[in-house]
Amino acid sequence: MGNASSMLTQYDIEEVQEHCHYLFSQQEIVALYNRFCQLDRSAKGFISSEEFLSIPEFSLNPLSQRLLKMVDGLNFKEFVAFLSAFSPLATVPQKIELIFKVYDVDGKGRVTFKDLMEVLGDLTGSFMSEEQREKVLSRVLEEAGYSRDSPLLLEDFMKVLCKPGMTMEVEVPVD
Amino acid sequence: MAGLGSSSSEMDLDRLNIEEYLTVESIRESPRKLHLRDLLDISPTLKEAAGAIVDDSFTRCFKSNPPEPWNWNVYLFPLWCLGVVIRYGILFPLRVTILAAGWIAFFSAFLPVHFLLGDHNKLRQKVERKLVEMICSVFVASWTGVIKYHGPRPSIRPQQVFVANHTSMIDFIILEQMTAFAVIMQKHPGWVGFIQKTILESVGCIWFNRTESKDREIVARKLREHTQGVDKNPVLIFPEGTCVNNHYTVMFKKGAFELGCAVCPVAIKYNKIFVDAFWNSKKQSFTMHLVQLMTSWAVVCDVWYLEPQYIRPGETPIEFAERVRDMISIRAGLKKVPWDGYLKYFRPSPKLIERKQQIFAESVLQRLEEK
């Protein structure tokens, strides 16, 4: 791919950095650009689902299909913005926001019982039946003071998940 | 571990991969009561996914690192231009001529011998062997190959196979110029396939097709027959099954290691000083790859013939394969990764996702019972 930072101008880097709320350093953005170009084999400007699935580790992840809906077709700026929740500088609320978006993959602004069932289904596969999943989810929702009929909002997620020491970080390898 | 009753080597390779991916999070601590928080918190899984997107050890194996440009200077740039002129204008035509002359000489000797002398004629086998070695030397000369061989040269004996790490199809040519091996190769289309069919058959090469699943048994059978033959050319196998970028080794397929004969490891390391010999088959055709080599100054590499290894009592073929991979990786200075090279062409088996799902499901159900 050649010397990638020559294809990415200083102006581009700053624009991307601003878009991701300065959660990545300029060096990390250059490294991510190299990675983006490596994955986007046909230089289309975005990474297709097939190209994501050619990463064996990603393809083995139980949530890969759900995540693909979020990352398929993103351009580089949006790609970095997606990954910014995983930066060590990201706050816990920013991380929880990403988790909310993974549940609410169609972007309606609320997470329904159906969404919860789908994610639990991805995580447990054929090792739990639909009824078992329904039972588990209904019980834990009730115990936390929610009902399965009213959808969860972002502030509910914040309340339930906000605990110090929640790490969801990746390190961008900078050469 | 469930699901390992199957005898196919794919499953056995998967088993080693599983161990890499049962991360600490999946080994649960003693069960506590289940809360909403535990089900909503998918952060470990997301972290793994994002980690894979940002960097993964598999893609790294196939990354061709472009050389740093050094010609940005007032005096370096004209020097580089001069170099380009010499390489493309003088060396390249010269090399093409040598190659053409070599092929003509080869065919004028090969064709008569092949058609006039009968099959299984000792003289014909000897001549064909020497001719193949000769044309490979011509190829090596056409890239100005500077190749240092270390260790005792392979000898023609029964009950032995040679295994080597794989970077490009030129590995085969480099090894073949020293000894006419019978190689196990992927069937290629185009002019390479033509050469495979006509010339290489005569030294006993065996073809396979990655995409045909039944193929594996046929190849295994042919292989076994060949190693038992007395005056057949020694067999060369590239157990990685695909070209890797010469900084890493991917997992070795166990086929070469369960034949019950000696395994002689060969380590190959290219020096990237003038050209990167890694053939990225997704990016370049073999013809373009050869042209790239022929327009570079030289191909520099080291070949080490290592001590023949035998399977130890109580060692499984996979452990044997790993042990030999260790030897080759250490000798050639390559890093090992726990991936199957075929993941370049096929998706990982869903059994691995199922394993993770099973662990999580069981933990949830167990904790549900806790009060």
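What counts, and at which threshold
- Residues numbered from 1 in each chain as written.
- Chains lettered and ligands numbered in written order.
- Predicted model: local features only at pLDDT ≥ 70, side-chain atom pairs only at ≥ 80, totals over all residues.
- Heavy atoms only, no water.
- UniProt positions renumbered as here; feature names shortened; annotations may be inferred.
- Helix = DSSP H or I, 4+ residues; strand = E, 2+ residues; numbered from the N terminus.
- Buried < 20%, exposed > 50% of the residue type's maximum accessible area, 1.4 Å probe, protein only.
- Areas by Shrake-Rupley, 256 points an atom, 1.4 Å probe, with all protein chains shown as cover.
- Lys, Arg positive; Asp, Glu negative; His and termini not counted.
- Charge placed at Lys NZ, Arg CZ, Asp CG, Glu CD.
- Axes fitted to C-alpha atoms, helices over the stretch in contact; angles between N-to-C directions.
- Parallel < 35°, antiparallel > 145°, perpendicular 65-115°, else oblique.
- Contact = heavy atoms within 4.5 Å.
- Nonpolar A, V, L, I, M, F, W, Y, C, P; charged D, E, K, R; others polar.
- Buried area = accessible area lost by both parts, 1.4 Å probe.
- Salt bridge = Lys/Arg side-chain N within 4 Å of Asp/Glu carboxyl O.
- Polar contact = N/O pair within 3.5 Å; in protein donor to acceptor, adjacent residues only side chain to side chain.
- Core = buried A, V, L, I, M, F, W, Y, C linked by side-chain atoms within 4.5 Å.
- Pairing = 2+ DSSP bridges.
- 1 Å grid on protein atoms, 1.4 Å probe; cavity = no way out; pocket = protein on both sides within 12 Å on 5 of 7 lines; lining within 4 Å.
- Points joined across faces, edges and corners; volume = space filled by probe spheres on them.
- Domains from an automatic or database assignment.
- Patch = residues over 30% accessible without salt bridge, like charges linked within 9 Å, V, L, I, M, F, W, Y side chains within 5 Å.
- Phe/Tyr/Trp six-rings, centres within 6.5 Å; stacked < 30°, edge-to-face > 60°.
- Lys NZ or Arg CZ within 6 Å of the ring centre and 35° of its normal.

Chain B is annotated in an unreviewed UniProt entry as Phospholipid/glycerol acyltransferase domain-containing protein of Ensete ventricosum. In its Pathway (unreviewed entry) section, the UniProt record describing chain B reads: "Lipid metabolism." Its UniProt record gives chain B a comment under Sequence similarities (unreviewed entry), which states: "Belongs to the 1-acyl-sn-glycerol-3-phosphate acyltransferase family."

Chain A is annotated in an unreviewed UniProt entry as EF-hand domain-containing protein of Ensete ventricosum.

Visitor: I'm lost on the overall build of chain B in this one. Help?
Guide: Helix and strand counts for chain B stand at 12 helices and 9 strands. In chain B, which comprises 371 residues, the share counted as buried stands at 51%. Counting only carbon and sulfur atoms, one obtains 62% of the accessible surface of chain B, whose full area is about 17,900 Å². Positive and negative side-chain charges in chain B, numbering 46 and 38 respectively, have mean positions lying 4 Å apart.

Visitor: Help me understand the packing of helix 2 (residues 26-39) of chain A against helix 3 (residues 43-54) of chain B, please; the structure alone is not making it clear to me.
Guide: The axes of two packed helices give the description: the angle between them and the distance between them. It is at 9 Å that the axes of helix 2 of chain A and helix 3 of chain B come closest, and there the two elements cross at 80°. Regarding the angle of helix 2 of chain A to helix 3 of chain B, the classification is roughly perpendicular. Here A:L32, A:R35 and A:L39 of helix 2 of chain A come into contact with helix 3 of chain B, specifically with B:A52, B:I53 and B:V54. Split by residue class, the contact of helix 2 of chain A with helix 3 of chain B holds 5 nonpolar, no polar and 1 charged.

Visitor: Looking at this structure, I do not really get the interface of chain B and chain A. What am I missing?
Guide: Interfaces are often sized by the amount of accessible area the parts lose when they come together. Taken together, the contact between chain B and chain A spans 46 residues of the former and 60 residues of the latter. For the pair chain B and chain A, the summed buried surface comes to about 4,900 Å²; carbon and sulfur atoms form 72% of the total. There are 3 salt bridges connecting chain B and chain A. On the surface where chain B and chain A come into contact, there are 11 residue pairs in polar contact (both at pLDDT 80 or more). Its residues placed into classes, the side of chain B that touches chain A shows 24 nonpolar, 9 polar and 13 charged.

Visitor: I would appreciate a short explanation of the UniProt feature "transmembrane region" (unreviewed entry) in chain B in the present structure.
Guide: All names here are of chain B. Feature annotation in UniProt assigns "transmembrane region" (unreviewed entry) to the following positions: residues 72-90, 96-119 and 131-151. With 88% helix and 0% strand, the stretch residues 96-119 has end C-alpha atoms that lie 33 Å from each other. In residues 131-151, the share of helix is 57% and the share of strand is 29%. The end C-alpha atoms are 24 Å apart.

Visitor: What should I look at first to understand the nonpolar core in this one?
Guide: The nonpolar side chains of soluble globular proteins are, as a tendency, buried together. Counting residues in each nonpolar core, the largest one holds 72 residues, and the members touching the most others are A:F58, A:F76, A:F82, A:L83 and A:F157. Here the element with the most residues in this core is helix 2 of chain A; it accounts for 7 residues. Beyond its immediate chain neighbours, meaning those up to four positions away, A:F82 contacts A:L67, A:M70, A:V71, A:L74, A:L98 and B:I53. One finds B:M169, B:V275, B:V299 and B:L343 within the second-largest nonpolar core, a separate group that totals 64 residues.

Visitor: For this particular structure, what's the right way to read the sheet that holds strand 2 (residues 160-164) of chain B?
Guide: Whether parallel or antiparallel, the strands of a sheet pair through hydrogen bonds between backbone atoms. Residue and element names in this part refer to chain B. The strand order across the open sheet formed by 7 strands is 1-8-7-2-5-3-4, and the pairing between neighbours is mixed. Each edge of the open sheet carries a strand with a single partner, namely strand 1 (145-150) and strand 4 (206-208). Sheet twist, expressed as the mean angle between neighbouring strand axes with direction ignored, is 25°. Pairing of strand 2 with strand 5 (residues 235-237), which is carried by 3 bridges, proceeds in the parallel orientation. Bridge pairing in strand 5 places V163 opposite I237. Sheet strands in contact with helix 9 (residues 215-228) are strand 2, strand 3 (182-186), strand 4 and strand 5, and its direction is about 165° off that of strand 4.

Visitor: Sorry if this is basic, but what is going on with empty space enclosed by the protein here?
Guide: Sizing a probe to match a water molecule and rolling it over the atoms shows the empty space that remains. Residue and element names in this part refer to chain B. Here the structure, examined in full by the defined rule, presents 6 cavities of 30 Å³ or more. The space that makes up the largest cavity amounts to roughly 240 Å³. Around the largest cavity, the lining is made up of 17 residues, and of these F139, F172, I173, I195 and L200 lie nearest the centre. Only helix 6 (122-142), helix 7 (170-176) and helix 8 (190-198) provide two or more residues apiece to the lining of the largest cavity. Grouping the amino acids of the lining of the largest cavity by side-chain chemistry returns 15 nonpolar, 1 polar and 1 charged.

Visitor: Would you explain the domain arrangement of chain B in this entry?
Guide: Under the domain assignment used here, chain B contains domain 1 (8-61 + 347-370) and domain 2 (77-338). For domain 1 of chain B versus domain 2 of chain B, the separation of C-alpha centres amounts to 39 Å.

Visitor: Would you mind going over a nonpolar patch on the surface with me for this structure?
Guide: All names here are of chain B. A cluster of nonpolar side chains, contributed by W70, W72, F77 and W80, occupies part of the molecular surface with about 490 Å² of accessible area. Within the secondary structure, W70 sits in the loop between helix 4 (57-60) and helix 5 (76-116). W70 sits in the partly exposed class, given a relative accessible area of 43%.

Visitor: Which parts of the structure should I look at to understand the packing of aromatic side chains?
Guide: Each aromatic ring pair is described using two quantities: the centre-to-centre distance and the angle formed by the ring planes. Within this structure, the stated rule accounts for 24 aromatic pairs over all chains. Where A:F52 meets A:F58, the ring centres are 5.7 Å apart and the plane angle is 40°; that geometry is what we call tilted. A relative accessible area of 0% places A:F58 in the buried class. Connected via pairs of aromatic rings, a cluster forms that spans B:W103, B:F106, B:F107, B:F110 and B:F139. The cationic tip of A:K44 hangs over the ring face of A:F46; the distance from NZ or CZ to the ring centre is 5.2 Å. We note A:R148 situated over the ring of A:F113; from NZ or CZ to the ring centre the distance is 4.2 Å.

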